[in-house]
Amino acid sequence: MIGAQNRIINLQSEIIDGLYMLLSQHLSAEDIQSLPEIGKMSVAVGLRKNLEGDV
């Protein structure tokens, strides 16, 4: 079960990365940084780094 959940999370991460790459082809860096979703991604990255540091 944990392995399946981990795979789902990894797939979601890959999808988000792919969508971000597509978005970056159509918007300027300034426009992308002003999106609230990008701020949320930054928070998620920080939380993940904290979790990885705890391992």
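Parameters and conventions
- Residues numbered from 1 in each chain as written.
- Predicted model: local features only at pLDDT ≥ 70, side-chain atom pairs only at ≥ 80, totals over all residues.
- Heavy atoms only, no water.
- Helix = DSSP H or I, 4+ residues; strand = E, 2+ residues; numbered from the N terminus.
- Rg over C-alpha atoms; globule rule 2.2 N^0.38 Å.
- Areas by Shrake-Rupley, 256 points an atom, 1.4 Å probe, with all protein chains shown as cover.
- Lys, Arg positive; Asp, Glu negative; His and termini not counted.
- Charge placed at Lys NZ, Arg CZ, Asp CG, Glu CD.
- Patch = residues over 30% accessible without salt bridge, like charges linked within 9 Å, V, L, I, M, F, W, Y side chains within 5 Å.
- Salt bridge = Lys/Arg side-chain N within 4 Å of Asp/Glu carboxyl O.
- Buried < 20%, exposed > 50% of the residue type's maximum accessible area, 1.4 Å probe, protein only.

So, on to the overall build of the protein. Along its length, the protein carries three helices and zero strands. When the helices and strands of the protein are read in sequence order from the N terminus, they spell out α-α-α. Taken over the C-alpha trace, the protein has a radius of gyration of 14 Å; the compact-globule value for 55 residues is 10 Å, which it surpasses by more than 25%. Each of the three principal axes of the protein carries a C-alpha extent, and together these read 40 × 20 × 15 Å. As presented, the protein carries roughly 4,800 Å² of accessible surface, and 64% of it is formed by carbon and sulfur atoms. Averaging the coordinates of the 4 positive side-chain charges in the protein and doing the same for the 7 negative ones gives two points 7 Å apart.

The subject of this paragraph is a nonpolar patch on the surface. On the surface, Leu11, Ile15, Leu19 and Leu22 cluster together into a nonpolar patch covering about 370 Å² of accessible area. Here Leu11 is to be found in helix H1 (residues 2–24).

On to the environment of Ile15. Mapped onto the secondary structure, Ile15 falls in helix H1. The class of Ile15 is exposed, set by a relative accessible area of 51%. For the pair Ile15 and Gln25, spaced 10 residues apart in the sequence, the C-alpha separation amounts to 16 Å.

Following the sequence through the fold, Asn6 ends up in helix H1. In the structure, Asn6 is positioned 20 residues away from His26 in sequence and 31 Å away in space, judged by C-alpha atoms.

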